[in-house]
Amino acid sequence: TVIVTGGSVGIGRSIAQHLLERGDTVLNLSRRASDNNHENLVDVPIDLSDVDATKAAIAELAAEREITEVVHNAGVIRPALVEDVDLRDVGYLSRLHVHAAVALVQGVLPAMKRAGFGRIVIIGSRAMLGLETRTAYAATKAAQIGLVRTWALELGQHGITVNAIAPGAVVTDMFTDVVPEDSDKAQKIADSLPVRRLGRPEDVARASLFFMDPANGFVTGQTLFVCGGASLGSLAL
């Protein structure tokens, strides 16, 4: 049984679908229900920025099921130049990206330790390296990497791996809310990447499956950039 947060749309939906095809039962913790009617997909309506509600939900789920894999994918951007950043947005993104991750992992750790096996994957962002208008988003996504590296050190002895994926420009609702898919700006972003295209949700889903594979227990504490090369930087000569 796998928890996927934000599994109703975009990257989360693709991850959930790939896991269902693998034969897993997927618990979709999301504010909205999925349009995926697969018999092994269970929608759990929740606002993950509400820490108390998140802790209560995960405690209930953990009491009913042996959950040994978690993908914390849910996230929002809240873009603003630094002079316009609302500190309430920083708090909201901290609760959603960081506090919820801690609550989820605390809730499922007993089952993982009993099984001697666990897979934790955090969906971060290439924006953690810095991106204009992303003060709150970049800061909280960078914080997630600190969680991943710390938990990898603490939990490896229990057969639990913890890794992160940092997507770049992936065409999802969250991306197109800021950059319309067919716009000149979207094409300019694609042209700036070494691979000359924007990412798709399934690019990230396949990377998630690698980290979650039981055979890949020797990889932990890592951040994989699935970004078309955007994390490399370049110097034109």
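Here we summarise the structure given alongside this text. As the structure is a computational prediction, the values presented were derived from the model and not from experiment.

### Some points on unusual backbone geometry
Phi at R78 is positive, roughly 55 degrees, even though this residue is not glycine. Along the chain, R78 falls in the loop between β4 (69-72) and α3 (87-115). We classify R78 as partly exposed; its relative accessible area is 35%. Not every positive phi belongs to a glycine, and R196 is a case in point at roughly 60 degrees. As for its placement among the helices and strands, R196 is situated in the loop between α6 (184-192) and α7 (201-212). Taking relative accessible area as the criterion, R196 reaches 54% and is therefore assigned exposed.

### Quick notes on the side chain of N163
With respect to the secondary-structure elements, N163 resides in strand β6 (residues 160-167). Residue N163 is classed as buried on the basis of its relative accessible area, which comes to 0%. From its side chain, N163 meets the backbone oxygen of V219 in a polar contact 3.0 Å long. A distance of 3.2 Å separates a polar atom in the side chain of N163 from the backbone nitrogen of G221.

### Some remarks on the environment of A166
By the secondary structure assignment, A166 is in strand β6. Accessibility expressed as a relative area gives 1% for A166, which makes it buried. Linking A166 and M128, residues 38 residues apart in sequence, is a C-alpha distance of 8.2 Å. Once you skip the residues sitting within four places of it in the chain, A166 turns out to touch G124, S125, R126, T223, L224, F225, V226 and C227.

Reading the values: the criteria
Residues numbered from 1 in each chain as written. Predicted model: local features only at pLDDT ≥ 70, side-chain atom pairs only at ≥ 80, totals over all residues. Heavy atoms only, no water. Helix = DSSP H or I, 4+ residues; strand = E, 2+ residues; numbered from the N terminus. Buried < 20%, exposed > 50% of the residue type's maximum accessible area, 1.4 Å probe, protein only. Polar contact = N/O pair within 3.5 Å; in protein donor to acceptor, adjacent residues only side chain to side chain. Contact = heavy atoms within 4.5 Å.

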